[in-house]
Amino acid sequence: MSDEAIRQALGLLYQEDTLRVFSTLVLGGAPEEAGPDRQVVRRALDRLERGGLAVRDEKGNWEVRRERFRELLHASAKPAEPAVSAEERILRSFLVEGRLRAIPSKRDKQLVVLNYIVQVFEPGVRYPEKDVDVTLRAFHDDYAALRRYLVDEGLLSRENNVYWRSGGPVDTVR
């Protein structure tokens, strides 16, 4: 079912003559009670039937088809978003288009962000401090603070201005 079906149903209820006939049916009245012009009532009933809002029962009497509204509601419902891990929620709240809005002040959130950032460094590769700074600047302007946090948390190690990855998760699928 498409948005077109929803627009059609709303359009039918927007038309005064169709709404009058529909309202009469909802209140349990006969369609003829909706107005003196039988032709107008007949056209309104035809439109309501094509829109799935009214049907004839086995005796030939008109009745409202309430389940049509449920069908339209189900058709317009958004699919449920997939469950997101706590780490993913933290990353979404601090990263905007790959850059940190701010360095988290709470350690648990900071560790999630640092574990994400350290993954840009390949295990076993040694990086000069200048390369580390350029890489970290892509995440945040205060690259020195990021570098210090990574070293303090044991995610990067340092010796003679050369850095290498010494912790954090490793992606084994490539």
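Residues numbered from 1 in each chain as written. Predicted model: local features only at pLDDT ≥ 70, side-chain atom pairs only at ≥ 80, totals over all residues. Heavy atoms only, no water.

Chemist: Got a minute to help me understand the overall build of the protein in this structure?
Modeler: When helices and strands are tallied, the protein shows eight helices and seven strands. Against the compact-globule benchmark of 16 Å for 174 residues, the protein has a radius of gyration of 32 Å, which places it well outside the compact range. Principal-axis analysis of the C-alpha atoms gives the protein an extent of 95 × 30 × 25 Å. The long-range share in the protein, meaning contacts at least 24 apart out of those at least 6 apart in sequence, stands at 49%. When the accessible surface of the protein is totalled, it reaches about 11700 Å², and 50% of it is carbon and sulfur. (Helix = DSSP H or I, 4+ residues; strand = E, 2+ residues; numbered from the N terminus. Rg over C-alpha atoms; globule rule 2.2 N^0.38 Å. Contact = heavy atoms within 4.5 Å. Areas by Shrake-Rupley, 256 points an atom, 1.4 Å probe, with all protein chains shown as cover.)

Chemist: What exactly am I supposed to notice about unusual backbone geometry here?
Modeler: When glycine is set aside, most residues are seen to have a negative phi, and most peptide bonds are trans. A positive phi angle, near 50°, is found at Glu 97, a position not held by glycine. Within the secondary structure, Glu 97 sits in the loop between strand E3 (95–96) and strand E4 (99–100). With a phi close to 60°, Asn 161 is a non-glycine residue in the positive phi region. The topology assignment puts Asn 161 in the loop between strand E6 (156–159) and strand E7 (162–165).

Chemist: Sorry if this is basic, but what is going on with the pattern of salt bridges here?
Modeler: Any two side chains of opposite charge can pair, so long as their charged atoms come close to each other. Evaluation of the coordinates by the stated rule reveals 13 salt bridges. The shortest N-O distance in the salt bridge between Glu 67 and Arg 65 comes to 3.3 Å. For Glu 67, a relative accessible area of 38% translates into the label partly exposed. With a relative accessible area of 18%, Arg 65 lands in the buried category. Across the pair Arg 147 and Asp 133 runs a salt bridge whose closest N-O atoms are separated by 2.4 Å. (Salt bridge = Lys/Arg side-chain N within 4 Å of Asp/Glu carboxyl O. Buried < 20%, exposed > 50% of the residue type's maximum accessible area, 1.4 Å probe, protein only.)

Chemist: What exactly am I supposed to notice about the layout of surface pockets here?
Modeler: Empty space among the atoms becomes apparent when a probe as large as a water molecule is rolled across them. Roughly 230 Å³ of internal volume is contained in the largest pocket. Around the largest pocket, the lining comprises 14 residues; the ones closest to its centre are Pro 31, Glu 32, Val 41, Leu 45 and Trp 62. Broken down by element, the lining of the largest pocket gets its largest block of residues, four residues, from helix H3 (residues 38–50). Its residues assigned to classes, the lining of the largest pocket shows six nonpolar, four polar and four charged. (1 Å grid on protein atoms, 1.4 Å probe; cavity = no way out; pocket = protein on both sides within 12 Å on 5 of 7 lines; lining within 4 Å. Points joined across faces, edges and corners; volume = space filled by probe spheres on them. Nonpolar A, V, L, I, M, F, W, Y, C, P; charged D, E, K, R; others polar.)

Chemist: I tried to follow the pairing of E6 on my own but got confused; where do I start?
Modeler: Regular strands have side chains that alternate between both faces of the sheet. With four bridges connecting them, E6 and E7 associate as antiparallel partners. Bridge pairing links Leu 156 to Arg 165 in E7. Between E6 and E7, which pair antiparallel one after the other, the connecting turn spans two residues, and Asn 160 there sits at a positive phi close to 55°. (Pairing = 2+ DSSP bridges.)

Chemist: Even after reading the chapter, I still don't get the packing of aromatic side chains, so can you show me in this structure?
Modeler: Each aromatic ring pair is characterised by the separation of its centres together with the angle its planes make. Scanning the model with the defined rule gives three aromatic pairs in all. A centroid spacing of 6.3 Å and a plane angle of 85° characterise the contact between Tyr 116 and Phe 139, whose relative ring orientation is edge-to-face. One end of the pair, Tyr 116, is in helix H6 (residues 107–118); the other, Phe 139, is in the loop between helix H7 (129–137) and helix H8 (143–152), with 23 residues separating them in the sequence. Residue classification places Tyr 116 among the partly exposed positions, given a relative accessible area of 35%. Considering the side-chain rings of Phe 121 and Tyr 127, the 5.2 Å spacing of their centres and the 75° angle between planes classify their relative orientation as edge-to-face. The class of Phe 121 is buried, set by a relative accessible area of 1%. Note that Arg 101 overlies the ring of Phe 94, its terminal NZ or CZ placed 5.9 Å from the centroid. The ring centre of Tyr 149 lies 5.9 Å from the NZ or CZ of Arg 148, which sits over that ring. (Phe/Tyr/Trp six-rings, centres within 6.5 Å; stacked < 30°, edge-to-face > 60°. Lys NZ or Arg CZ within 6 Å of the ring centre and 35° of its normal.)

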